[in-house]
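The primary structure of each chain is shown beneath.
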Amino acid sequence: MANFFQNKISIAYDIYGCPQLCKHCWLGHFKKHPNMDVNETIANFLKIKEEQTKHKYFNIQVEYFSPDFREPHYGDDYKLLSEKTNIINGCNIEIEKKFELLSIWRLTRDPEYVKWVREKGIKRCQIKIFGLKETNNFFYGRNNAHKDIIDGTSILLDNGIIPRWQIYYNKKGINELEDILDLTNKLNIWDRVSELGEKFNIHGLTYDSDGRGFKYHNFRIDENDIEKIPMLLIEKSREHFGNNFRLSTERELLKEINENNAQSVMPKEHWLWFFVTSDWNVYPNIMGVAPWWLLGNTKHDSWETILSNYAYDKNIGLKIMNNMTVSELANRYGNKTGNKIYSNKSELITYLVGKHCRELYYKNHTATPEAEKP
């Protein structure tokens, strides 16, 4: 039986979708996204919460509502939608749970946005970086992404909000890391952040390995690329993640996995959300939005059925997560001489789970699911 972590579930709706087609995104890409009706999604959530409060299925609590699980604040009604969300939740989870994710797309197009963000009390903003102009535009999947990064960083600093640059190592951008550091100096980010009372947080890691990250696994760096990472970026990464942070090859991680061969695939702790896409399908946030993770549909299936499908492993992904050990997956799919680099063991495990999910799914399905299309 699946674990309802801390006996709580929160629910997020993909109301407005996302302007990006990021090639590292663990969620994957969906079919052309029709906007969801805000009032209808709120009513759907409140109905579920009321039913769960009444019947107490599996003794869990439906906790928070979110209007997005991809790009935040993408809809033009973001101010009103945020107010409604705070009323429903009885708190501002962006502040209280430290969701420091803002829309760089909106930041560079809506002059009111940064003022609103500052008034909300959000003090920091994470920006993902893949390399220089061509590389950033490629990985974001839109031509003006790099310009938005540069302009957005300046807008944040001009308004007293601290940018945090998160570098995703990849084959296309691995030779541009020194240039990225040069860019931070040209933009005077270090001094400007210092003037705001903090140290500039720039750090690097490898990208997620499900969804689009699985599809674009060929862009993952290998051990020969490690020497191309500037020492300053290595030091800043350890400062962010902890001194024990290190990049490891697949073969190194497989050795660790096999030394603990009884380890369960499902994590012991996880903040469990159910993601509801624009067609009202429901997926757990264990891995990406894909058919092998489908739990049901809030328009066609009862809430009790959706919960039961999660609790009793009624999809391929949950069957694997709750009924296999990590070493079983490693022995089946791992490359014992593999030199691809991962930031942690979880990233590799996710990739191995993704391989098994696809193998089992495609035994009975020949069509490529929308979430897997480029």
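Our structure's up above, just so we're on the same page.
As a starting point, this report considers the structure included with it. (Residues numbered from 1 in each chain as written. Predicted model: local features only at pLDDT ≥ 70, side-chain atom pairs only at ≥ 80, totals over all residues. Heavy atoms only, no water.)

Each helix and strand in the protein chain was counted, giving 16 helices and ten strands. Its C-alpha atoms give the protein chain a radius of gyration of 21 Å, within 12% of the compact-globule value 21 Å for 374 residues. Projected onto its principal axes, the C-alpha coordinates of the protein chain cover approximately 55 × 55 × 35 Å. Within the protein chain, residue pairs in contact and separated by at least 24 positions form 76% of the contacts whose partners lie at least 6 positions apart. The distance from the centre of the 51 positive side-chain charges to the centre of the 50 negative ones in the protein chain is 2 Å. (Helix = DSSP H or I, 4+ residues; strand = E, 2+ residues; numbered from the N terminus. Rg over C-alpha atoms; globule rule 2.2 N^0.38 Å. Contact = heavy atoms within 4.5 Å. Lys, Arg positive; Asp, Glu negative; His and termini not counted. Charge placed at Lys NZ, Arg CZ, Asp CG, Glu CD.)

On to the sheet that holds strand β3 (residues 124-129), then. Reading across the sheet, the three strands line up as β3-β4-β5 and stay open at both edges, with parallel pairing between neighbours. Edge positions in the sheet fall to β3 and β5 (201-206), since each of these pairs with one other strand and no more. The sheet shows a mean angle of 25° between the axes of neighbouring strands, direction not considered. Bridge count for β3 against strand β4 (residues 162-169) is six bridges, and the pairing is parallel. Pairing of Ile-129 across the sheet is with Ile-167, part of β4. (Pairing = 2+ DSSP bridges. Axes fitted to C-alpha atoms, helices over the stretch in contact; angles between N-to-C directions.)

Turning our attention to the environment of Trp-116. Within the secondary structure layout, Trp-116 lies in helix α5 (residues 111-120). Once the C-alpha coordinates of Trp-116 and Asn-39 are considered, the two residues, 77 residues apart in sequence, prove to be 23 Å apart.

Between helix α1 (residues 38-55) and helix α13 (residues 303-311), whose axes approach to 10 Å, the crossing angle comes to 75°. By the criterion of interaxial angle, the relationship of α1 to α13 is roughly perpendicular. Along its contact with α1, which presents Ile-48, Glu-51 and Gln-52, the element α13 presents Trp-303, Glu-304 and Leu-307. Tallied by class, residues from the contact of α1 with α13 come to three nonpolar, one polar and two charged. (Parallel < 35°, antiparallel > 145°, perpendicular 65-115°, else oblique. Nonpolar A, V, L, I, M, F, W, Y, C, P; charged D, E, K, R; others polar.)

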